Amino acid sequence: MRTWSPYMPRIYAFILVISILLTACVQSKPPSPEPQVVLAILRQYPGGTLIEERILENNGDVTYRISFAVQTTPDAAIANYAPLFRAIGMKENPSRGPTLDDLQVDYRWTYYGCPYHEVAMTTTVQKLQLTYTYGPCR
Amino acid sequence: MAAETKACAQSVKDLTDYDIHIGDLNGGLWSSDELSLVFGAVVSMRDALFGGKIDAFRVKIGTVTMYQSAENNQKAFFSGSDKASAITSVGGWLSSDTTFYQDSFTHGDAFFQRTVVHELSHAWDIHSLGGAARDLRLATGSNWKSGEYQAVGETTAYGRTGDREDWADSVAETVYNPPSKGTDLKIDPARERLVRERAR
């Protein structure tokens with residue numbers, strides 16, 4: 001037989017609050033973007049000429065390398081891409097390690113969900129290079 | 001006994017030696033080829049990290065029960081992964097349950113075997129009460145910043161989504177594409193060193 005405890009209302013209230021918070025967290029996350037949407041954003045850079053686009057690997061994860069011939073700065077490139085990526089649910093990834101070919105990365109955006117997506121941006125004097133990887137979570 | 005059943009029984013027996021158990025044999029989803037791929041991945045991991053010793057593998061990884069789901073992918077609520085193609089979670093005390101969803105099998109054998117090693121690395125982390133992922137953070141200077149993982153040094157794109165994924169991908173890369181031997185490197189030598197130290 002179940003007995004009443006003075007702690008029961010508090011426990012139920014605690015569970016209710018946690019449930020509401022978790023539900024809010026789950027609902028606030030936009031769905032994982034389609035790769036074509038991310039690629040459409042990446043393929044345009046004001047004043048830039050697309051000079052390279054290639055798929056680098058395909059073993060579950062897919063990686064694209066997209067390069068523009070353009071004189072730009074990291075700040076200008078971030079200002080261009082940040083609102084577009086934010087709109088599809090990608091956030092700044094604070095990791096600053098190198099990417100493929102040991103290129104130093106200026107900025108990264110990640111979609112923290114599944115499939116996951118990551119865009120790494122590298123700027124040099126005459127070139128803007130973007131490395132885009134997506135794949136299934138595991 | 002049909003050849004397929006016999007081949008499945010042999011793989012199940014082989015995996016049991018490593019304290020890896022197939023939890024849903026009666027479900028009819030596992031083929032002998034898939035079980036053979038699982039065993040192949042286990043052997044690769046044993047040879048690359050544990051000097052070919054089954055006992056060393058068992059001590060580090062702990063008991064693992066594997067399942068296959070007919071679903072394409074599934075929400076892994078506690079890991080924050082929605083639509084994951086494979087999930088490893090705490091099974092019992094210091095043991096793990098791994099479920100492979102159909103998406104795991106759709107990217108080729110190499111991806112599936114790498115995923116098996118990746119999931120066993122989560123089991124390894126669970127068996128060490130999270131010590132493996134913690135040690136990777138300490139060894140590389142990586143940390144969490146405002147709720148996002150800040151990976152320091154070189155790791156995979158998926159590894160940069162969190163420290164547990166960084167650990168699991170570092171193990172998978174050490175098994176299949178170690179910096180000490182490879183050319184197309186995805187992780188830095190510090191990560192390989194840590195994985196090998198923890199395997200001792």
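Computed from a prediction, not measured in an experiment: that's the story for all the values here.

S.K.: Can you walk me through the overall build of chain B in this structure?
M.R.: Looking only at helices and strands, one finds 7 helices and 8 strands in chain B. Taken over C-alpha atoms, the radius of gyration comes to 16 Å for chain B, in line with the 16 Å a tight globule of 200 residues would show. The principal-axis extents of the C-alpha atoms in chain B amount to approximately 55 × 35 × 35 Å. Expressed as a percentage of the 200 residues in chain B, the buried residues total 52%. In chain B, once contacts between residues fewer than 6 apart in sequence are set aside, the share between residues at least 24 apart is 62%. As displayed, chain B offers around 8800 Å² of accessible surface, 51% of which is attributable to carbon and sulfur atoms. Placing the 21 positive and 28 negative side-chain charges of chain B at their respective mean positions leaves the two points 6 Å apart.

S.K.: For this particular structure, what's the right way to read the state of the cysteines?
M.R.: All names here are of chain A. Per the stated rule, a full pass over the model turns up 1 disulfide over all chains. With its sulfur 2.1 Å from that of its partner, Cys114 forms a disulfide with Cys137. For the disulfide bridge between Cys114 and Cys137, the dihedral angle about the S-S bond is near -105 degrees, and by the sign convention the bridge is left-handed. Of this pair, Cys114 sits in the loop between strand 4 (107–111) and strand 5 (116–123) while Cys137 sits in the segment after strand 6 (127–135), and the two are 23 residues apart along the sequence. A single burial state applies to Cys114 and to Cys137, both of which are buried.

S.K.: Would you mind showing me how to read the pairing of strand 6 (residues 96–100) of chain B here?
M.R.: Along any regular strand the residues' side chains alternate between the sheet's two faces. Residues and elements named next belong to chain B. Along strand 6, 4 of the 5 residues are buried, which leaves the element largely enclosed by surrounding structure. Two strands pair when backbone bridges link them, and strand 2 (residues 64–68) and strand 6 are joined in this way by 5 bridges, in the parallel orientation. Along strand 6, the bridge assignment pairs Gln68 with Phe100. The antiparallel hairpin formed by strand 5 (residues 86–90) and strand 6 contains 5 residues in its connecting segment, where Leu94 sits at a positive phi of about 60 degrees.

S.K.: How should the sheet that holds strand 1 (residues 20–22) of chain B be read in this particular structure?
M.R.: What holds strands together in a sheet is hydrogen bonding between their backbones, with the strands either parallel or antiparallel. Residue and element names in this part refer to chain B. Pairing in this open sheet of 4 strands is mixed, and the strands run 1-2-6-5 from one edge to the other. Two strands close off the open sheet at either side, each with one partner strand: strand 1 and strand 5. Strand-to-strand twist across the sheet, computed as the mean angle between neighbouring axes with direction ignored, equals 20 degrees. The pairing of strand 1 with strand 2 spans 3 bridges and is classified as parallel. The residue of strand 2 that forms the bridge with Ile20 is Val64.

S.K.: Sorry, what's going on with the pattern of salt bridges here?
M.R.: Within the structure shown, the criterion is met by 15 salt bridges over all chains. The residue A:Lys91 makes a salt bridge to B:Glu148 at a minimum N-O spacing of 3.4 Å. Here A:Lys91 is found in strand 3 (residues 91–92), whereas its partner B:Glu148 is found in strand 8 (residues 148–150) on a different chain. Judged by relative accessible area, which is 13%, B:Glu148 ranks as buried. B:Arg114 is paired through a salt bridge with B:Asp169; the nearest N and O atoms lie 3.1 Å apart. Here B:Asp169 lies in helix 6 (residues 163–176) and B:Arg114 lies in helix 4 (residues 109–127), a separation of 55 residues in the sequence. One salt-bridge network, held together by shared partners, links A:Arg108, A:Glu118 and B:Arg160.

S.K.: Which parts of the structure should I look at to understand the layout of surface pockets?
M.R.: Over the atoms a probe the size of a water molecule is rolled, and this reveals where empty space is left. Taken as a whole, the second largest pocket holds about 470 Å³ of empty space. Around the second largest pocket, the lining comprises 30 residues; the ones closest to its centre are A:Glu57, A:Asp61, B:Thr156, B:Glu173 and B:Lys186. Elements represented by at least two residues in the lining of the second largest pocket include exactly strand 1 (49–59), strand 2 (61–69), strand 5 and strand 6 of chain A together with helix 4 and helix 6 of chain B. Residue composition of the lining of the second largest pocket, by class: 11 nonpolar, 9 polar and 10 charged.

S.K.: What should I look at first to understand the interface of chain A and chain B in this one?
M.R.: By a widespread convention, an interface's size corresponds to the accessible area lost as its parts come together. The interface is formed by 28 residues belonging to chain A together with 33 residues belonging to chain B. Regarding the contact of chain A and chain B, the summed buried area is about 2400 Å², with carbon and sulfur atoms giving 54% of it. At the boundary of chain A with chain B, the tally comes to 8 residue pairs in polar contact (both at pLDDT 80 or more). Where the side of chain A that touches chain B is concerned, the elements lending two or more residues are helix 1 (8–28), strand 1, strand 3, strand 4 and strand 5 of chain A. When grouped by side-chain class, the residues that make up the side of chain A that touches chain B number 10 nonpolar, 9 polar and 9 charged.

S.K.: Help me understand the packing of helix 2 (residues 32–49) of chain B against helix 6 of chain B in this model?
M.R.: Each pair of packed helices can be summarised by the angle the axes make with each other and by the distance between the axes. Residue and element names in this part refer to chain B. Here helix 2 crosses helix 6 at 85 degrees, and the two axes come no closer than 9 Å. For the element pair helix 2 / helix 6, the angle class is roughly perpendicular. Along its contact with helix 2, which presents Ala41, Ser44, Met45, Ala48 and Leu49, the element helix 6 presents Val171, Thr174, Val175 and Tyr176. Taken together, the residues that form the contact of helix 2 with helix 6 break down as 7 nonpolar, 2 polar and no charged.

S.K.: Even after reading the chapter, I still don't get the nonpolar core, so can you show me in this structure?
M.R.: Generally speaking, soluble globular proteins have nonpolar side chains that are buried together. Among the nonpolar cores identified, the biggest contains 40 residues, and B:Met45, B:Met66 and B:Leu120 are the most heavily contacted of them. Among the elements that take part in this core, helix 2 of chain B stands out by supplying 8 residues, more than any other. Aside from chain neighbours lying at most four places away, what touches B:Leu120 is B:Ile20, B:Val42, B:Met45, B:Phe57, B:Ile61, B:Val64 and B:Met66. The next biggest cluster of nonpolar side chains, apart from the first, holds 26 residues, and it includes A:Leu39, A:Tyr81, A:Leu128 and A:Tyr134.

Each value, and the rule that gives it
Residues numbered from 1 in each chain as written. Chains lettered and ligands numbered in written order. Predicted model: local features only at pLDDT ≥ 70, side-chain atom pairs only at ≥ 80, totals over all residues. Heavy atoms only, no water. Helix = DSSP H or I, 4+ residues; strand = E, 2+ residues; numbered from the N terminus. Rg over C-alpha atoms; globule rule 2.2 N^0.38 Å. Buried < 20%, exposed > 50% of the residue type's maximum accessible area, 1.4 Å probe, protein only. Contact = heavy atoms within 4.5 Å. Areas by Shrake-Rupley, 256 points an atom, 1.4 Å probe, with all protein chains shown as cover. Lys, Arg positive; Asp, Glu negative; His and termini not counted. Charge placed at Lys NZ, Arg CZ, Asp CG, Glu CD. Disulfide = S-S within 2.5 Å. Pairing = 2+ DSSP bridges. Axes fitted to C-alpha atoms, helices over the stretch in contact; angles between N-to-C directions. Salt bridge = Lys/Arg side-chain N within 4 Å of Asp/Glu carboxyl O. 1 Å grid on protein atoms, 1.4 Å probe; cavity = no way out; pocket = protein on both sides within 12 Å on 5 of 7 lines; lining within 4 Å. Points joined across faces, edges and corners; volume = space filled by probe spheres on them. Nonpolar A, V, L, I, M, F, W, Y, C, P; charged D, E, K, R; others polar. Buried area = accessible area lost by both parts, 1.4 Å probe. Polar contact = N/O pair within 3.5 Å; in protein donor to acceptor, adjacent residues only side chain to side chain. Parallel < 35°, antiparallel > 145°, perpendicular 65-115°, else oblique. Core = buried A, V, L, I, M, F, W, Y, C linked by side-chain atoms within 4.5 Å.

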